[in-house]
Amino acid sequence: MYHIISIRDLERKDLDYLLDRAREFETGNCRSCRLEDKLAALLFFEPSTRTRMSFATAMARLGGRSISVDSVEASSIVKGETLADTIRVVSGYADAIVLRHPKEGAARLASEFATVPVINAGDGAGQHPSQTLLDLYTIRQSMPVDGIDVGLLGDLRYGRTAHSLALALSLYGVTLHTIAPGGLEMPANITLELRERGMEVIEHENVEEVIRDLDVLYVTRIQRERFPDSASFYNVASSYRITPDLLSGVRDNLMILHPLPRAGEIDPAVDNTPYARYFEQAKNGVPVRMALLHEVMK
Ligand code: CP
């Protein structure tokens, strides 16, 4: 394992190994696992709260350090520097690069120019593999992932967390229920790929028709920043919302996850129900990213 670019590059044994390692970091069972002489470069060319801060926290908790660029405007990309040159240069400063970029494929491209490991922290509508690991980690805290029913609700077209998670779940015999507003369905090539991997994928018109059959409901926001114009965003904005009323009759073990940030698709009143697990999920970003950083830099 060197670069972490796409869930497609990982087998189930790799995912299970990283999740087991994350558990060791969370429980303090890997006290000798340190990165004291290591430096991670966090290159975030799109906004982020959780991913950037949890990678920085993970480095600090491992005794390492991080340097960061937090926007395109704060970098020499505004002067016309290419991503390839930026990556070549930063490879000379740091022991690993964590990259968030608005263009799908940017992390793969970066890995071709880097001389240190690259971790994809989200590339446009492509992939977000470290998010998927913490999603799986959160599910595993409550139930085995194998054979469960997972609903993916929201913007499945542009939502990179949904793409990564669906591909990972296909390695666990999960039945996937997709629920998306018109025009924001899972891209056909990904649905085909999931089915070719043997996954049962069932498409639903609305969340009401399936919520009582789910073990996990994974809600995503509509990715407004990826829409070509504001009119097409407003056509689908506010088209779904999870409320306490919707949760009557759901399975006792239902877990509602969300990669966050949310933008109105989960009523804050749901936070007080036993099903809401999204803040715990965000917290799990630290041990999971400790495991990832340690793995690529040890
Ligand atoms: N889940 C996630 O990627 O959040 P941020 O955009 O805040 O990093």
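Residues numbered from 1 in each chain as written. Predicted model: local features only at pLDDT ≥ 70, side-chain atom pairs only at ≥ 80, totals over all residues. Heavy atoms only, no water.

Points about the pattern of salt bridges
The cut-off we apply is this: What counts as a salt bridge is simple: a side-chain nitrogen of Lys or Arg found within 4 Å of a carboxyl oxygen of Asp or Glu. Only DSSP runs of H or I reaching four residues or more are called helices, and only runs of E reaching two or more are called strands; each is numbered from the N terminus. Whether a residue is buried, partly exposed or exposed follows from its accessible area with a 1.4 Å probe, protein chains only, as a fraction of its type maximum: under 20%, in between, or over 50%, in that order.
Under the counting rule described, the total for this entry stands at 24 salt bridges. Between R12 and D146 there is a salt bridge, with its nearest N and O atoms 2.7 Å apart. Of this pair, R12 sits in helix α1 (residues 12–27) while D146 sits in the loop between α5 (129–140) and β5 (149–153), placing them 134 residues apart in sequence. Exposure remark for D146: the relative accessible area of 42% places this residue in the partly exposed category. Salt-bridge contacts for R88 lead to D85; the nearest nitrogen and oxygen are separated by 2.8 Å. Of this pair, R88 and D85 both sit in helix α3 (residues 83–91), 3 residues apart, which is roughly one turn of that helix. With relative accessibility at 45%, the residue R88 sits in the partly exposed group. Overall, the relative accessible area of 34% leaves D85 in the partly exposed class.

Things to note about the sheet that holds strand β7 (residues 200–204)
To keep it simple, the criterion reads: Criterion used throughout: strands pair if DSSP finds at least two bridges between them. Here, axes are lines fitted to C-alpha atoms. For helices the fit covers the stretch in contact, and angles between N-to-C directions go from 0 to 180 degrees. Between two residues, a contact is recorded if the distance between any of their heavy atoms is within 4.5 Å.
Taken in spatial order, the 5 strands line up as β7-β6-β5-β8-β9 in an open sheet, and their pairing is parallel. A strand with exactly one partner marks an edge of an open sheet, and here the two such strands are β7 and β9 (255–257). Each neighbouring strand pair of the sheet contributes to a mean axis angle of 20 degrees, computed without reference to strand direction. Two strands pair when backbone bridges link them, and β5 and strand β8 (residues 216–219) are joined in this way by 4 bridges, in the parallel orientation. Looking across to β8, one finds that L153 is bridged to V219. The sheet contacts of helix α6 (residues 160–169) involve β5, β6 (175–179) and β8, and relative to β5 the element is tilted by about 165 degrees. Across the sheet, helix α7 (residues 188–196) touches β6 and β7, and the angle it forms with β7 is around 140 degrees.

Overview of the UniProt feature "domain: Aspartate/ornithine carbamoyltransferase carbamoyl-P binding" (unreviewed entry) in the protein
Defined as follows: UniProt positions are given in the numbering used here, feature names are shortened, and annotations may be inferred rather than shown by experiment.
When the UniProt feature table is mapped onto this chain, "domain: Aspartate/ornithine carbamoyltransferase carbamoyl-P binding" (unreviewed entry) is found at residues 3–141. Its end C-alpha atoms 26 Å apart, residues 3–141 is made of 41% helix and 17% strand.

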